[in-house]
Amino acid sequence: MRTHVLFEEDGGFKAGTVLASTDSSHQVELASGKRTKVKGSHVLLQFREPVPSVLLERAQAAAGGIDLDFLWEVAPTEEFGFLDIAREYFGKEPGSIEAASLLLRLHSAPVYFHRKGRGRYRAAPAETLKAALAALERKRQQDELKQQHVQALKAGQAPAAISQQAIALLVKPDRNSIEYKAVEQAANELQTTPLKLLLSTGAIASPYRWHVDSFVASHFPRGTGFGQDLPPPVLPAELPLAPVAAFSVDDSATTEIDDAFSVVREGSTAIVGVHIAAPAAVIGRDHPLDAVARARMSTVYAPGLKYTMLPDGWVEAFSLNEGKEVPVVSLYARVDAETCEVLSTETRVERVRIAANLRHDVLDDVITEETIAGGAFDAPFAAELSFLWRVARTLLARREEVRGRPEPLGRIDYSFVIDGEGERAHVGIKPRRRGAPLDLIVAELMILANSTWGRWLAERKVAGVYRSQSLGRVRMGTTPAPHDGIGVDHYSWSTSPLRRYVDLVNQRQVIACALGESPTYRARDADLFSIVSGFEALYGAYADFQQRMERYWSLRWLRQEGVTRICASVIKGDVLRVDGMPFITRLPGLPELPRGQRLELDVLGTNEIDLVMEARVHQVLATQAPVDPDDEEVAGQEAATAPDRSAAAEAPVIEGGGDIEPRGPDEAAASSDGAR
């Protein structure tokens, strides 16, 4: 009768028939017919019957009937071989099936028996076994709970444990948690994404809540509030009061009014004042509010939403609101009254009285190029605005000479009017033309202030944060350099200190220069490098959020108005700009058409989760839209991103005044600076 062996290989057990043997090894044929060489030390049991395949089958079945608790009780405390415990357990010399079944049972229970070698084990200490069994029970209960969650999710119901942390499960998940594993498993079994699953079950209330709450969870994990431990605002009282009446130009919804203007005639010249709110006069580098502002880096804007960089009380205290006397950093430009050329500039730290807050949405239809040319429009500060329009056009002309190309002023920017919240909100979209008189006045005077102060800091070798552009690439850094897109030698954001941290930093430096004091930041200050990198990362994330929400509300408007057909124009290739909203989309398969070609599209559907519009060409129109030279950059950005992302330069105007947010003056001058 042939001899068979049971041996261990690769952590498992196999049985076969011995064909030949030496002192140290055996040539064995497995049931499959495969032959293998087995070392003698790997053989655990030799037997003659039954045949190997039957032995393993019967041993596996018998192993399930062996009581592990009883086996552990009768096992010695010291190390033992499986045949030794088999004799003790069965009370006799075990047969081949009995010996193999006990070996398999020992090997399958590492909680009870610790493996010490081939066929050798040691019973786990009582306390160790107790802890291990408790862990197994917890694991069993967790698996059972996970399956309950999975079944509930597949049935369209969201367990409370999942609903309470639905956003966190997608934004910052604990991948080892029961809830995350349940969502992942249910989504896989339903062949959907975790986000769509949580939306369908109501764990996330709506696409709107997903877009907003996921952003807040990522960037404001402790909430968007400011806490209670911040000091109240205290305004500097010792600053002189400027003998001017200043006025601002913003949208009606603006609450952070950073800038105002004044005009004083002096013979053949005029003094144009650009007055910037001066929180840096109080919020120094070591002030408690500095840490708050630096953590946020900027006010966050989105249609219907705003999370301010500074607490409301501080914004109210320094905002240039009508009827107040507020601290400002003023740039006074002496301008030739006839040619409107800037003759000289001077910077002062002072207080100014705000005589009026003028509003774009109220006056844009009143103050136009035609009404200014005719000298007949009824508006506060009409004479001053007419003169500032001439100054702005002169400043623009000088920049265009440096740029080497005209400024694209005809593009339409859009702002949203959101009445209500979430799914119940009503959406309105309002256009505003770039280059309209009030828009151009604000943009050009902000560029004048930012470029003048940038040059001023550079000439005095005072550290600052600059923006520059060369060969189409925009950079932010601590080294002054020309901004080719705008057409200026130096450019430093300094005109929005209530809502942008780098402006607050630069304002500290400007104030120090104006007062003859030591600057807050020295050259090559490591803190400045950290500020630049931190600001760019957060400011970019905030801009992306704003663009996502603009796309969301554009799609909501299409659904609200029941739009089934809409016009668009070709930017480049298959990238289109949709009419009447800040929405750029791709239309795969679009034949090659000239830039600016007008199309009429059939709207097939919208996806408010992925923020895409499905459309097809209804007809190619006979007209063409004006080609914006900066659209080459827009098309490139769109081509480099996923289909659900808008081009960065397509952000509409939200908070007016100052560096019009998010399209600051440098962005107005060169869309290659994008929404940054």
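Residues numbered from 1 in each chain as written. Predicted model: local features only at pLDDT ≥ 70, side-chain atom pairs only at ≥ 80, totals over all residues. Heavy atoms only, no water.

Undergrad: Explain the side chain of glutamine 509 to me, using residue names and the numbers behind them.
TA: Secondary-structure assignment places glutamine 509 in helix H17 (residues 501–515). The class for glutamine 509 is buried, based on a relative accessible area of 0%. At 3.0 Å, the side chain of glutamine 509 and the backbone nitrogen of threonine 520 are in polar contact. Each residue touching glutamine 509, except ones within four places of it in the same chain, is listed here: Leu457, Val462, Ala463, Pro519, Thr520 and Tyr521. (Helix = DSSP H or I, 4+ residues; strand = E, 2+ residues; numbered from the N terminus. Buried < 20%, exposed > 50% of the residue type's maximum accessible area, 1.4 Å probe, protein only. Polar contact = N/O pair within 3.5 Å; in protein donor to acceptor, adjacent residues only side chain to side chain. Contact = heavy atoms within 4.5 Å.)

Undergrad: Which residues make up the pairing of strand S23 (residues 597–607), and what values do they have?
TA: Where strand S20 (residues 565–572) and S23 come together, 5 bridges link them in antiparallel fashion. By the bridge assignment, arginine 565 is partnered in S23 with aspartate 602. Sheet topology places S23 next to strand S24 (residues 612–624); 9 bridges connect them, and they run antiparallel. From the neighbouring strand, aspartate 602 faces S24, where its bridge partner is arginine 616. With antiparallel pairing between neighbouring strands as the criterion, S23 and S24 make up a hairpin whose turn holds 4 residues, including leucine 611 at a positive phi of roughly 65°. (Pairing = 2+ DSSP bridges.)

Undergrad: Describe the packing of aromatic side chains, naming the residues involved and giving the relevant values.
TA: Applying the stated criterion across every chain yields a total of 18 aromatic pairs. The interplanar angle of 25° and the centroid separation of 4.5 Å between the aromatic rings of phenylalanine 247 and phenylalanine 381 together place this pair among those described as stacked. Here phenylalanine 381 lies in the loop between helix H14 (369–374) and helix H15 (382–403) and phenylalanine 247 lies in strand S9 (residues 241–250), a separation of 134 residues in the sequence. Comparing phenylalanine 247 with phenylalanine 381 shows no difference in burial state: the two are buried. (Phe/Tyr/Trp six-rings, centres within 6.5 Å; stacked < 30°, edge-to-face > 60°.)

Undergrad: Tell me about the packing of helix H11 (residues 288–296) against helix H18 (residues 526–561), and please be specific about residues and values.
TA: Running from N to C, H11 and H18 point in directions that differ by 50°, and their axes come no closer than 8 Å. As the angle between them shows, H11 and H18 are arranged oblique. Contact residues: Arg294, Ala295 and Arg296 in H11; Asp527, Ser530, Ile531, Leu538 and Tyr542 in H18. Considering only residue class, the contact of H11 with H18 consists of 4 nonpolar, 1 polar and 3 charged. (Axes fitted to C-alpha atoms, helices over the stretch in contact; angles between N-to-C directions. Parallel < 35°, antiparallel > 145°, perpendicular 65-115°, else oblique. Nonpolar A, V, L, I, M, F, W, Y, C, P; charged D, E, K, R; others polar.)

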